[in-house]
Structures are given as C-alpha cells and as structure tokens.
Amino acid sequence: MSGSLQTLRQQAWQAFEEKGLPTTRDEDWKYTDLSRIQTLLGEQWWQPAGTGAVAIDMVELPGLDAWRMVFNNGYFDPARSELPPGVTITSLASLMQDEPAKVVDLLAYQPDAPLSSGLTAANSALAADGACICIPANTRLDQPLYLLHLNSGGTAHLRTGIELGPHAELEVIEHFHGQHSEAGLTNSVTAIRLAAGARCTHYRLQLEAAKQCHSGRVEVSQKADSSYQLHAVELGGMLSRCDVISRLDERGASCELGGLFVATGRQHIDHHTRIEHNAPYCSSRESYRSVLDGRSHGVFNGKIVVAKGAIKTDSAQNNANLLLSPDAAVDTKPELEIYHDDVKCAHGVTVGQLDKNQLFYLKSRGIAEEEAKQLLTVAFADEQLARMNNHSIRRFIERAAFAKLPSITDLEGMLV
Amino acid sequence: MMIKIENLHASVDGKEILKGINLTIGAGEVHAIMGPNGSGKSTLSNIIAGRDGYTVTSGSITYKGKNLLEMSPEQRSWEGIFLAFQYPVEIPGVNNTYLLKAGVNARRKHHGEQELDAMEFLQLVREKAKLVELDPSFLSRGVNEGFSGGEKKRNEIFQMAVLEPSLALLDETDSGLDIDALRIVAGGVNKLRSSDRSIVMVTHYQRLLDYIVPDVVHVLADGKILKTGGKELALELEERGYDWVRQEAAA
Ligand SMILES: Nc1ncnc2c1ncn2[C@@H]1O[C@H](COP(=O)(O)OP(=O)(O)OP(=O)(O)O)[C@@H](O)[C@H]1O
Ligand SMILES: [Mg+2]
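As recorded by an unreviewed UniProt entry, chain A carries the name Fe-S cluster assembly protein SufD and is attributed to Mariprofundus erugo. What the UniProt record of chain A gives under Sequence similarities (unreviewed entry) is the line "Belongs to the iron-sulfur cluster assembly SufBD family."

Q: How do you make sense of the overall build of chain A when you look at a structure like this?
A: Each helix and strand in chain A was counted, giving 9 helices and 19 strands. By the compact-globule yardstick of 22 Å for 416 residues, chain A fits well, its C-alpha radius of gyration being 21 Å. Summarising its shape, the C-alpha atoms of chain A cover approximately 70 × 55 × 45 Å along the three principal directions. For chain A, buried positions account for 59% of its 416 residues. Here the analysis covers contacts within chain A between residues at least 6 apart in sequence; of these, 83% occur between residues at least 24 apart.

Q: How should I be thinking about the coordination of the magnesium ion (ligand 2) in this particular structure?
A: When four donors bind a metal tetrahedrally, each ideal donor-metal-donor angle is 109.5 degrees, and when six bind octahedrally, the ideal angles are 90 or 180 degrees. Residue and element names in this part refer to chain B. Distances from the magnesium ion (ligand 2) to its protein donors, Ser 42 (OG) and Gln 86 (OE1), fall within 2.0 to 2.2 Å. Residue Ser 42 is located in helix 1 (residues 41–49), and its partner Gln 86 is located in the loop between strand 6 (81–84) and strand 7 (91–95); the two are separated by 44 residues in the primary sequence. A relative accessible area of 15% means that Gln 86 is categorised as buried.

Q: How should I be thinking about the site of ligand 1 in this particular structure?
A: Residue and element names in this part refer to chain B. Near ligand 1 there are 14 residues, and of these Ile 17, Gly 38, Lys 41, Ser 42 and Thr 43 occur at the shortest range. Ser 42 is positioned such that a nitrogen or oxygen atom in its side chain is 2.8 Å from an oxygen atom of ligand 1. Between His 204 and ligand 1, the recorded distance is 2.9 Å, taken from a side-chain N or O atom to an oxygen atom. Taking 630 Å² as the accessible area of ligand 1 by itself, protein coverage stands at 64%. Those elements giving two or more residues to the shell around ligand 1 turn out to be strand 2 (15–25) and helix 1. Per-element accounting of the shell around ligand 1 gives the leading share, 3 residues, to helix 1. Looking at the shell around ligand 1, its residues break down into 3 nonpolar, 8 polar and 3 charged.

Q: In this structure, what is going on with the packing of helix 7 (residues 369–385) of chain A against helix 8 (residues 391–404) of chain A? I would like to understand it.
A: Residues and elements named next belong to chain A. At a minimum axis separation of 11 Å, helix 7 and helix 8 run at an interaxial angle of 150°. Between helix 7 and helix 8, the angle is such that the two are roughly antiparallel. As helix 7 runs across helix 8, the sense of the crossing is right-handed. In this structure, helix 7 uses Val 378, Ala 381, Asp 382 and Leu 385 to contact helix 8, whose residues at the interface are Arg 394, Ile 397, Glu 398 and Phe 402. Of the residues that constitute the contact of helix 7 with helix 8, the class distribution is 5 nonpolar, no polar and 3 charged.

Q: For this particular structure, what's the right way to read the packing of aromatic side chains?
A: Aromatic ring pairs are defined here through the distance separating the ring centres and the angle between the ring planes. As enumerated under the stated definition, the model contains 9 aromatic pairs over all chains in all. Measuring from centroid to centroid gives 5.6 Å for Phe16(A) and Trp45(A), while their planes differ by 90°, and the two rings are edge-to-face. You can see Phe16(A) sitting in helix 1 (residues 3–19) and its partner Trp45(A) sitting in the loop between helix 2 (35–41) and strand 1 (67–72), a full 29 residues away along the chain. Here Phe16(A) and Trp45(A) have matching classes, each one buried. Where Phe261(A) meets Tyr288(A), the ring centres are 5.9 Å apart and the plane angle is 80°; that geometry is what we call edge-to-face. Residue Phe261(A) is found in strand 13 (residues 254–263), and its partner Tyr288(A) is found in strand 15 (residues 283–292); the two are separated by 27 residues along the sequence. One aromatic cluster is present, built from ring pairs that chain together Trp13(A), Phe16(A), Trp45(A) and Trp46(A). Between the NZ or CZ atom of Arg365(A) and the centre of the ring of Tyr361(A), over which it lies, the distance is 4.6 Å. Geometry around Trp244(B) places Arg240(B) over its ring, the cationic atom sitting 4.3 Å from the centre.

The rules we used
Residues numbered from 1 in each chain as written. Chains lettered and ligands numbered in written order. Predicted model: local features only at pLDDT ≥ 70, side-chain atom pairs only at ≥ 80, totals over all residues. Heavy atoms only, no water. UniProt positions renumbered as here; feature names shortened; annotations may be inferred. Helix = DSSP H or I, 4+ residues; strand = E, 2+ residues; numbered from the N terminus. Rg over C-alpha atoms; globule rule 2.2 N^0.38 Å. Buried < 20%, exposed > 50% of the residue type's maximum accessible area, 1.4 Å probe, protein only. Contact = heavy atoms within 4.5 Å. Donors = N, O, S within 2.8 Å, 3.2 Å for Na, K, Ca; no water. Near = heavy atom within 4 Å. Polar contact = N/O pair within 3.5 Å; in protein donor to acceptor, adjacent residues only side chain to side chain. Areas by Shrake-Rupley, 256 points an atom, 1.4 Å probe, with all protein chains shown as cover. Nonpolar A, V, L, I, M, F, W, Y, C, P; charged D, E, K, R; others polar. Axes fitted to C-alpha atoms, helices over the stretch in contact; angles between N-to-C directions. Parallel < 35°, antiparallel > 145°, perpendicular 65-115°, else oblique. Left-handed = near helix turned anticlockwise from the far one by under 90°. Phe/Tyr/Trp six-rings, centres within 6.5 Å; stacked < 30°, edge-to-face > 60°. Lys NZ or Arg CZ within 6 Å of the ring centre and 35° of its normal.

If you want it as structure tokens, here you go:
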C-alpha cells in the first residue's frame, strides 16, 4: 500500500470513528433510523464479513447480453466475469495492489461533500473491492456492462469508479442481489465522471434479501454537453437508503433521474437526491414513483440547487406515490435552492390512492374489483419503467416488482 | 322487456338529482334521451352502470327480470350492460386490448364459457375495429391515453362492439366527433342494432338521430322525464327548445 493511500484510509477511519452512524437528529436522516444496523449486526457492524472465496448462486437476468463483473460479498469473482477488450476495466482490489496511486482519488473521503456521512467515511476506510471502469474518448461498448453484487449476509463495503472520456458512451447496470435469511449491510459508493459529450445510462437495481440493509451513494460529475440517465429501482432489503448527487458542472450538461420503489411489509426506502446546476444551459429531469403497501415507509427528498450564473437552467421534478394500505406512509419533500433568476424549475408531488374514475371504468368493462386495483397498480409502476430502453431489464424488474404485489391473473398477457 | 325503471329517486351529497324517473325499454328498442344541461341524464346512465357516489333514495330498476341495484358494476357488465362514457377516462399503462380481453374473458368465465385465447381474441378485435374504422394502432396504446376527444368516443363504440352488450347506454357519444367520424361511428352503432340489443342514446343534437333513428324520444328535465314521443319529438325540440315542454308538464 502506498503512503498516500494508507494515509487516506487512516484519515477516513478517524472520520468514521468520530462520526459514527448518522442519527435521526441529523436533518438529512430525519426519517431513516440506522440504529437498526447495530441492533442487527452488533457493535462491529462495519466489519467486512467475508473474503468472497465462496461463490454465491447466480441470478439470471433473462435476455440480457452484457459484459459482466460478478462480486461475492463485496469481492470480485474473475471466474464468473467476462470483460470487454480494449477498455480498462479492473477490480478495485487489483488496482489497489498494482497501482495504488490511481485509486487515491476514487477512495478519498470528502467530509464536506453533500450528504456525506459516517457511512461514506467507513466506505473510504474499508472498501476492499469494486469496479474501476475507464472508457476512452469516442468509445462505445458494444454491450452494456453488468455489475452483479451477490451477497449472502454480513457487511460489505464497495467502491466503484466509472470514468467516461470525451464522447464515450456506456450503459452500466449495478445489480445488488441477495436470497438468504441473514442480516447484512451493503455499503456501496459509486463515483461517475463524464467528460464532455459523454453519455451514461445507469441502472441501479436493489433486490437485497429480506434482512439486508442497503446504503448507496451515487456521485456524478458532468462536463459540457454530457448526459446521465439513472434508473434506480428499490425492491428488496429491510432498510435501504440511497443518495444521488448529480453535478452539472459545465454548459449544456443534462441528467435524468428516475426511481421506482415497491415496498411491502415493514420495508423502509429512502432516496435523497441533489442536482446541482453549476453552469448555464443545463437541464435536469427527475421522476420518482413509489408503490407502498403493508406498513412500509417511503422517503423522497429531491433537492435542486441552481448556482449563481446558471442561466437558462431547465429543471423539472415529479414524485408520485401510491399508498395501497392505510398503514403505509411516505415523506416527500422537493427542495429548491435558487441563486439565479432566469431559471425554469417545475415540480409536483402527489400522494394518493387509486383513482376512483379509472377503477369504475375498468369495472364497467367487466373487470372485477380486485383485478382492476391490481391492474392500476401495475400500470402506475410500469409507467416509470417505460422509460427504460433496455427491455430485458424492464421485464426482469416488472416480474420482480409485481411478484411482490397481489398478482394479477394474466400478468404476462398484460406486459406484452 | 330489457329494463324497467320505476319511480327512481337519487341524490348526490344530499342533493336530489333524479326525482322520480319512470322508463321502460323493450328488447331491441332504441331510445333517445334529450334534455338541458344538468338535468340528470349522465346521473341516470351512471346509476344504471353502477357508479358509486349516488344514493338511490327510492324506486327500483329491474334488468332482465333481476334487481339491478344489487349488482356490482362488473356484474352488470357481465350481464350485458355497457356505458359509453360522456368523458372517457385515460388509463396510461393499461393496454386497450388487454383491458378488453380481460373484460371479455371475465364475462365468459362468469357464464361458464370457454375463455378466448390470444389468437381468437386478436381476430375478434381486428374485426370489430373495422366496424368503426378504428386505426389498429390504437389497440396497443394505453386506454384512451393521449386520444383526442373524438378518438375517445370512437374507442367507446369499438369497446361496445367487442363487449356485445344487451343494453348499451351512449352518453353524448356524438359530441366531439367530426362530421365524417359521426357518420362512421353511427354506422357502426347501426350495424350493432339487433332484436336482442337495446340502445339508449343521450344526446343534445338531432343530427345523431338522423343517422341512428330512435324508436322513442324522451325529454329529461329537472330530474324527471317530462315528455315522451316518437322521432319527430327530437325535431320539435331542435326547433323550439325545452321551455314549452316544461310549461306543458306544469300545466
Ligand atoms: N358527483 C357529483 N357531485 C355533485 N353534484 C353532482 C355530481 N354528479 C352530478 N351532479 C349534479 O347533478 C346534476 C345532474 O348532472 P348530470 O351530469 O347528470 O347532468 P346531465 O344531464 O348529464 O348534463 P349534461 O347535458 O351537461 O351532460 C348537475 O347539477 C350536477 O352538477
Ligand atoms: Mg351528461
């Protein structure tokens, strides 16, 4: 380990020891109580669980043709991975060993970064593996890159860095998956840098096991005319929090953040997003939907910051929530921080039950009450998924999401 | 007899809207209901189709010998009641064809009939789409999603053709249709006329009745049927408005 990497790790560890886990007294964590992590995993909850030596059963994402990196409990599994030639894609672990200087930037803990917390510090101090991806200028992978994070319980800290050169293009899928009954914590940080004109489509699929906690952070910085599109899907885990920070740093950059939560039982899902318009002529679109059943709890906080001088900012945000049960709850808050006049910022929030007129229309066509309700629920969620261009992923998510809800008789027929 | 409505009183939020409707429609008959805005025409159609939010305070509706008011909206549909909405609702994400397939098969199941498979159903909808000259691209779109006003109305009649009701209530199907569309859609409805299918048309305009000639015309005003006549009554209304009907009824 090189000197500076070691120093960085130590500093991050110190910061973590000082900060610990955020508490609900912290405004950004008001609705999400992380004390459960300690209750579940004990005092040393941060201690990484395994070495990744044991290969965990694969999941199939039918129809997906992609380059692949598989991780077991936070560790890269080269045997089950397949990487494209011509671009630099390595595991963080091997890069740390071979060229430690190169990972200093990626792993650095910045205490002043928005929404950073003790969890981010722990990640900087402890992340042992992840993916490091460099797509050179004017290059486009012939297939998407699929990062499959399998876990079997316990704690894993992952750090992933994605860098796209000028006018490079990448479709990347981060898929967090667990099928076990152990308690655990996934602590993942993904940093994405887009050079001028680069385009990145990012699917982030959270299908953790029932007793898994999940903490995610996605930090995107964008140069001129680059574009970033996020599809975040939250289906699994008992407690899941994801912070998305998108910085539009140069003229003409654009981002599109989309999210879907489908929560049942006592699941708790929280997304805090922050879009920074730091330059003129940037645009941002944000649309989050949630379907909440049982006693589940959804939290959405969408902050848009428009810096001084960011003329012709064009921003729109929407958050729609469907509550299927009287015990489900949502806390949603759009936040605008505007330091410039010449901006367009539209936002809308809805929280509601199924639409009575739509329900009556379906029933009047002979569809029984229960099925009509399910149909409208599926349609509501599916509208969010309709923005996904990758059909295999969309189908996979539809099946996984709708399997959580009372199923309709002919789901496959409906999805045609 | 298809349907018999006797002394029907209904209110919304404590406000009485229907004030004693009496109406009997025989099998195969086509009735037109005309009347001023807000007189209760849509309320009557909605109550027949089973929309909630209305309180029937007295009276009865007997449909094919059964007490209609006891049935859920879906049961009414299975028993052959169809409402073409005055304002069809958009349902993004629910496929038009899927909706109809689910509806048709739920009804078949209810009657102990074999459900249609995908191929049979596709054939059925294609054939029915031709009847109202509905562009097949509408079949795979979300229900009424982004349809123009006229397209929505055409879609309603297409749905009627697929669901083959015994009693169809067409609530202002003509409004929103352009001149050519009106002719086409009315032509479709005429092809659907049969001795075992009754049709009620709610309309403000005589024009529709030139295409679909009714057996009986009613005037509904202030929550009551004030006058009933033949098709020539519609012509008279077009000329003279509704005041004279009210005065006549008051006398
Ligand atoms: N849900 C409701 N809540 C309150 N008032 C209602 C409701 N539904 C109907 N009404 C009232 O009942 C009366 C009758 O309405 P209805 O829609 O049946 O009229 P209509 O004869 O169909 O009129 P139009 O020719 O304009 O379509 C109106 O005064 C209307 O405002
Ligand atoms: Mg009306």
